[in-house]
Amino acid sequence: MVEGSPSGYREGARAMAPLTVAIVGFGFSFGVLARAAGFGWVAAVVMSATTFAGSAQFAAASILGDGGTIAAAIGAALLLNARYGPIGVTVAPWLTGSVLSRFLHAQLTVDESWAIAAEGDGRYDPQRILGAGALLYVCWVTGTAIGAIGGETLGDPNSLGLDAAFPALFLGLLVPIAKGRRQLQAAILGAAIALALTPVAPPGVPIVAASAACLLGLRR
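Bear in mind the structure is a predicted one, so any value in this text is a computation, not a measurement.

S.K.: Which residues make up the layout of surface pockets, and what values go with them?
M.R.: Size it by volume and the second largest pocket reaches roughly 260 Å³. Taken together, 16 residues line the second largest pocket, and the ones lying closest to its centre are Tyr-84, Ala-106, Gln-107, Thr-109 and Val-110. The set of elements that each furnish at least two residues to the lining of the second largest pocket consists of helix 3 (41-51), helix 6 (84-91) and helix 7 (99-108). In terms of residue count, helix 6 provides more of the lining of the second largest pocket than any other element does, four residues in total.

The structure is reproduced here in structure tokens:
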């Protein structure tokens, strides 16, 4: 195993810094949505602190807010989070230390920190995961708290343009890593799959199905 640089924590946080505005805005939007769905502000903040999965949290809160069942909300959240299975498999070989250390890395391994920690050729820097993930975690929980506690006084998140934060965030992550022809092909194919399925598939399915574009990386 190749250990990450001791400066990897700072590098991870520095790479995450330009995304913090979008992350706080996204967290704010969730806080407002959670309150509209009937969550207390404490419940909204605790959910962000323990679940730490934006798309799954949005799906669960939206379903509950529309009168859906708890089972449907949990099912949608699990479906959206299915992508963390292959993500976890890719980073596991690069993690060492105690069970607690690996658990901390696992909690902070999300889409953004995973992309930032990628070094190419299947290698991941565990220090970058922690540096990037810790900053993202603080911003996400802080944004949720602001939205859940004071969101009503700040108005509709959509009127502030915060509905664009999520796609902008992922486009910002895609640009640095889609440098080669194969990576660009996978990105375009994944987007095409998701766009084609969005009008007809249940929420969460397009995102999971889009991961099939990764098969382009298989070699004979």
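S.K.: Explain helix 5 (residues 70-80) to me, using residue names and the numbers behind them.
M.R.: Inspection of helix 5 places Ala-73, Ala-76, Ala-77 and Leu-80 among the buried residues, and these make up the whole buried set. Taken down its axis, helix 5 places every buried residue within 100 degrees of arc, on the same side. Within helix 5, the exposed residues directed more than 90 degrees away from the buried face are Ala-71 and Leu-78.

S.K.: How would you explain the nonpolar core if you had to name every residue and give the values?
M.R.: Residues Met-16, Ile-23, Phe-30, Phe-52, Leu-136 and Trp-140 are the most contacted members of the largest nonpolar core, which totals 27 residues. When residues of this core are traced back to their parent elements, those giving at least two are helix 2 (20-36), helix 3, helix 4 (54-65) and helix 9 (126-154). Sorting elements by how many residues they give to this core places helix 9 first, with eight residues.

S.K.: Could you give me a rundown of the packing of helix 2 against helix 3, with the residues and numbers involved?
M.R.: Axis separation between helix 2 and helix 3 bottoms out at 9 Å; the angle between their running directions is 135 degrees. The angle between helix 2 and helix 3 places the two elements in the oblique class. In the crossing of helix 2 with helix 3, the sense of the turn from one axis to the other is right-handed. Residues Phe-30, Ala-34 and Arg-35 of helix 2 lie in contact with helix 3, whose contacting residues are Trp-41, Ala-44, Met-47 and Ser-48. Residue composition of the contact of helix 2 with helix 3, grouped by class: five nonpolar, one polar and one charged.

What counts and what doesn't
Residues numbered from 1 in each chain as written. Predicted model: local features only at pLDDT ≥ 70, side-chain atom pairs only at ≥ 80, totals over all residues. Heavy atoms only, no water. 1 Å grid on protein atoms, 1.4 Å probe; cavity = no way out; pocket = protein on both sides within 12 Å on 5 of 7 lines; lining within 4 Å. Points joined across faces, edges and corners; volume = space filled by probe spheres on them. Helix = DSSP H or I, 4+ residues; strand = E, 2+ residues; numbered from the N terminus. Buried < 20%, exposed > 50% of the residue type's maximum accessible area, 1.4 Å probe, protein only. Arc of directions from axis to C-beta. Core = buried A, V, L, I, M, F, W, Y, C linked by side-chain atoms within 4.5 Å. Axes fitted to C-alpha atoms, helices over the stretch in contact; angles between N-to-C directions. Parallel < 35°, antiparallel > 145°, perpendicular 65-115°, else oblique. Left-handed = near helix turned anticlockwise from the far one by under 90°. Contact = heavy atoms within 4.5 Å. Nonpolar A, V, L, I, M, F, W, Y, C, P; charged D, E, K, R; others polar.

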